[in-house]
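Residues per chain, in single letters:
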Amino acid sequence: MGTNSKSTHQSYTVAPSTAATLDPPAPAAVAEQPSPAEAAQLIADLFNAPFGDGAGVATPQPMAGLGMPPEIAEPPASAGGGKDRTTDEPPAPGEDAWDPVEPPPAAVPDGLEGAEGPAATGDGMPAPREPREEEEDPAEQPLTPVPEAPTKGMAIGEPILVGGADFLNSAATLISYDSADGTPREVLLAHVNEEAEEKLLDALALSEEKLVPVEVTKEVTGQLDLDKQANLHELVAQAAKSVNHKLKNGMDVPQSTHDKIKAATDAVATAAQGATADETAMTGYYQQQLEMIAEKAKSGLGDQTYADGGKIPMVTPYLHTGMATVTEMVPAPAADPEPGQLSAKLRDASRINASLDPATGEASWNGESRTQATGKEYLIDMGDGWSAVYRPYGLNQPGKAEFSMRGQLEVHAPAGAGHGPELVSRLEQLHLANKPMTASEGEWTYLANNIKAQGLASNPQVKEAMEVARGLEELQVQELFHAHAHEAVGMDEAGLSAFAKKLQLQAAHDVLPKRVAVVRDAVGQAAGFADGAALSGSHGYQPTPTKSGGWLTWSRFDVTGNPEAFASAWQGRSLVHGMGGGDVTTLFATGVLASTERRAVMGTSKGVGMSEGPDKFSGGANSVFLRVKDKPAGGSSGHGVRLVWDDPAVLMKRSDYYAYDGDHFGALHTASGKSTYGQTSDPMKIAKFSAGNNEVMFRDGIDLLGSEAPSRVLCGSADNRDKLLKFFADKKITHLGGKPVTDVVGI
């Protein structure tokens, strides 16, 4: 069922969200200001970083036992190559990359002061200054420059890469929706990695202790949450079994059985207090069962024998199918946000309710309309007309919420055009990476994707290298704390916290080349190369992404570097997608074969896929589904529209797919009732799939008009073929995948 569904580099910073501004605070008296060592210790306390005793700032020591090469085992240099310092003496102006020619005022972290001084904003944080002119280093240039204004109405949006590892595949998409009045609505969409959620939630004003009951309307198939939480069915069933056991053996019902009946009765009565209408129906069902059980326990078999029907019928759980109103306990928003934190409101999950013009493929949205989803999300006020929506992992448990939306983030700009760079920079308010990805960062993401795709994470060399890489970043954090402690003099706690987070982001950036070198060597050796240099010099090593419609994909060198072996394994086999519904011209109007989740934000009508609902719970809704088949012949009508890739390497060189030799609804977990047994990302195993309902899932979607175009489009009828060819002619699309469309489009 799963198949057929389906400029230059600059550091962006952002002013805090509060609109009011204050005059810069007067410098504290010298005697009241912390020394650089004391300031460093305050920062260290925020992150539990070691800094020695209060007498001075300790120099980080090399990490022993991690197998680092000698040239890497030395403590990393300070940002910009400054000298190591073991005293509180501040550096000379310009000695560090963070230091301007003229030193900034003591209370302002370098890199955050304004052009004419540290103008403070309402929450005490300084306003951003103009970026410095820097020498252009090709390795430090953005792989995907951020457009000032994304193209209005382009449904697939414009993909960008964000440095660091906070986002899945380091990817984000900028979409500029058209609207009825012609005013663009610009949005950044991204998928936060689960490991980065703690940072994001730390930016929100949420209560860690207080839980509040919230009535939630959601789609339920099976037992209600209250039933599971209170173990109602289990308690009632145990009471029935205990009575039946005694009756079957001709025994009197003992007090212990009556105690079980009472325990179940009390639990049901407690659950009925404050229950919703749907939960009340459930507790009423169990109360009826318990009344029968209690009566049978008192009277025994009477005139009937156990075999003749004297036993209590099996107690089945109360099942609900459809939308139900249930009660959930969730963290309450904090009443008084701490300085620097963002106000957040918890609400039922929802999605952007966009509209897609089937003729032009353009998307529109009024900035407000949303559709319901099953789960929870935070609506975040970022100030100045900016907002964000985040669907946390922690509040959307597998099996209870739509798995495919966990970690989804939306950042919304005020109405109007020209917010592209600020949509990225505003991520800093959420404590997330907010710089465009550079080439050196791209290689790290490329290696990480290949480790996952090729199953190298368990390799001992790769595991050790990843530990070394983490250690290198920790060392660099300490070195930066040491080098820049003097800049923290005069800061309050909120300023120190922001300053510390800035240092951590800078450390990750500075040490990245060394981390890449360590991991590249390990990956190369694990893959059979002599070392990392041999791997990077091989034909298949391609550490830059490829644009695929509205997203970017990374390749895998085991496919791109072994074309002969791949072609041999896939001889006579193709990848095929059968359209589940909709007009084939609508599909090509957007230019992409998009996943259920992508179609939702593009404005595509529901019901195009075969199993959109179940796929949201299994996790498959984030991917498009293809099948491995023997190469289908054309000319056979009645099969509907089929997209055929006769050269599977066009898609299988990507690193973001997984597959099953059977229909698992693209499952990424088992809580939805779908098995993950047999999941593989090995292209050679996938080539041997034999089940007719096998499935191969590609993240986000496939570019139908670019380098990933299908080799054939089988329309199923002459009318469909003529309609599609006319559409291509009207759009002046003459070729697909380098071939004339008349050679690609068939019946």
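Look up: the structure comes first, before these words.
Scope of this entry: the structure provided in the associated data block. These numbers were taken from a predicted model, which means no experiment stands behind them.

Details of the overall build of the chain
1) Next: What the chain contains, in helices and strands, is 22 helices and 26 strands.
2) Next: Evaluated residue by residue, the chain yields a buried proportion of 50% over its 747 residues.
3) Next: As displayed, the chain offers around 32,800 Å² of accessible surface, 51% of which is attributable to carbon and sulfur atoms.

With respect to the packing of helix α10 (residues 439-453) against helix α12 (residues 493-526)
1) Next: Closest axis-to-axis distance for the α10/α12 pair is 9 Å, and the angle between their directions is 35°. Relative to α12, α10 is oriented so that their crossing is left-handed. Where α10 abuts α12, its residues Ser440, Glu441, Glu443, Trp444, Leu447 and Ile451 lie against His509, Leu512, Arg515, Val516, Val519, Arg520 and Val523.
2) Next: Partitioned by chemical class, the residues of the contact of α10 with α12 number 7 nonpolar, 2 polar and 4 charged.

Here we look at unusual backbone geometry
Note on backbone geometry: most residues besides glycine have negative phi, and most peptide bonds are trans.
1) Next: Unlike most non-glycine residues, Asn231 shows phi in positive territory, near 55°.
2) Next: Its identity is not glycine, yet Asp700 carries a phi of approximately 70°, on the positive side.
3) Next: Relative to the elements of secondary structure, Asp700 occurs in the loop between β21 (695-699) and β22 (701-703).

Here's the deal with α10
Given 3.6 residues per turn, any residue in an α-helix points the same way as the ones three and four places further on.
1) Next: Helix length check: α10, at 15 residues, gives a terminal C-alpha distance of 21 Å against a target of 21 Å (1.5 Å per residue), a fit within 8%.
2) Next: Buried within α10 we find Ser440, Glu441, Gly442, Glu443, Trp444, Thr445, Tyr446, Leu447, Asn449, Asn450, Ile451 and Ala453.
3) Next: Turning to α10, the residues buried within the fold contact β4 (167-177), α11 (460-484), α12 and α14 (557-560).
4) Next: Where α10 terminates, the next one or two residues include Gly455, which has phi positive at roughly 65°.

Quick notes on the packing of aromatic side chains
1) Next: Per the counting criterion, the structure on display carries 10 aromatic pairs.
2) Next: Summarising the aromatic geometry, the rings of Tyr657 and Phe698 are spaced 5.4 Å apart at their centres and angled 50° between planes, so their arrangement reads as tilted. Of this pair, Tyr657 sits in strand β20 (residues 657-660) while Phe698 sits in strand β21, placing them 41 residues apart in sequence. Phe698 matches Tyr657 in its accessibility class, with the two residues each being buried.
3) Next: With 6.4 Å between their ring centres and 85° between their planes, Tyr658 and Tyr660 make a pair best called edge-to-face.
4) Next: Given the relative accessible area of 0%, Tyr660 is considered buried.

Quick notes on empty space enclosed by the protein
1) Next: Approximately 420 Å³ is the volume attributed to the largest cavity.
2) Next: Contributing to the lining of the largest cavity are 27 residues, with Ala190, His191, Arg598, Arg699 and Asp700 lying nearest its centre.
3) Next: Listing elements by their share of the lining of the largest cavity, those giving two or more residues are β4, β5 (185-192), β13 (408-412), β15 (551-553) and α17 (596-602).
4) Next: Broken down by element, the lining of the largest cavity gets its largest block of residues, 5 residues, from β4.
5) Next: In the lining of the largest cavity, the residues fall into 10 nonpolar, 8 polar and 9 charged.

Some thoughts on the sheet that holds strand β26 (residues 745-746)
1) Next: Taken in spatial order, the 7 strands make up an open sheet running β20-β21-β18-β16-β19-β23-β26, and their pairing is mixed. Two strands close off the open sheet at either side, each with one partner strand: β20 and β26.
2) Next: In the sheet, strand β16 (residues 573-578) pairs with strand β18 (residues 623-630) via 4 bridges, with the strands oriented antiparallel. Directly across from Ser574, in β18, lies its bridge partner Lys629.

Comments concerning the nonpolar core
1) Next: Of all hydrophobic cores here, the largest spans 39 residues; its most connected members are Leu575, Phe588 and Phe698.
2) Next: Sorting the residues of this core by element identifies α16 (584-590), β18, β19 (642-645), α19 (649-652), β20, β21, α21 (718-730) and α22 (741-744) as the ones contributing at least two each.
3) Next: Once residues within four sequence positions are removed from consideration, Leu575 is found in contact with Trp570, Leu626, Arg627, Val628, Leu643, Val644, Trp645, Pro648, Leu651, Met652, Val696 and Phe698.
4) Next: Counting 31 residues, the second-largest nonpolar core is a separate cluster that includes Ala172, Leu200, Val411 and Leu427.

The rules behind each value
Residues numbered from 1 in each chain as written. Predicted model: local features only at pLDDT ≥ 70, side-chain atom pairs only at ≥ 80, totals over all residues. Heavy atoms only, no water. Helix = DSSP H or I, 4+ residues; strand = E, 2+ residues; numbered from the N terminus. Buried < 20%, exposed > 50% of the residue type's maximum accessible area, 1.4 Å probe, protein only. Areas by Shrake-Rupley, 256 points an atom, 1.4 Å probe, with all protein chains shown as cover. Axes fitted to C-alpha atoms, helices over the stretch in contact; angles between N-to-C directions. Left-handed = near helix turned anticlockwise from the far one by under 90°. Contact = heavy atoms within 4.5 Å. Nonpolar A, V, L, I, M, F, W, Y, C, P; charged D, E, K, R; others polar. Expected span 1.5 Å × (residues − 1). Phe/Tyr/Trp six-rings, centres within 6.5 Å; stacked < 30°, edge-to-face > 60°. 1 Å grid on protein atoms, 1.4 Å probe; cavity = no way out; pocket = protein on both sides within 12 Å on 5 of 7 lines; lining within 4 Å. Points joined across faces, edges and corners; volume = space filled by probe spheres on them. Pairing = 2+ DSSP bridges. Core = buried A, V, L, I, M, F, W, Y, C linked by side-chain atoms within 4.5 Å.

Just distances and angles here, no functional claims.
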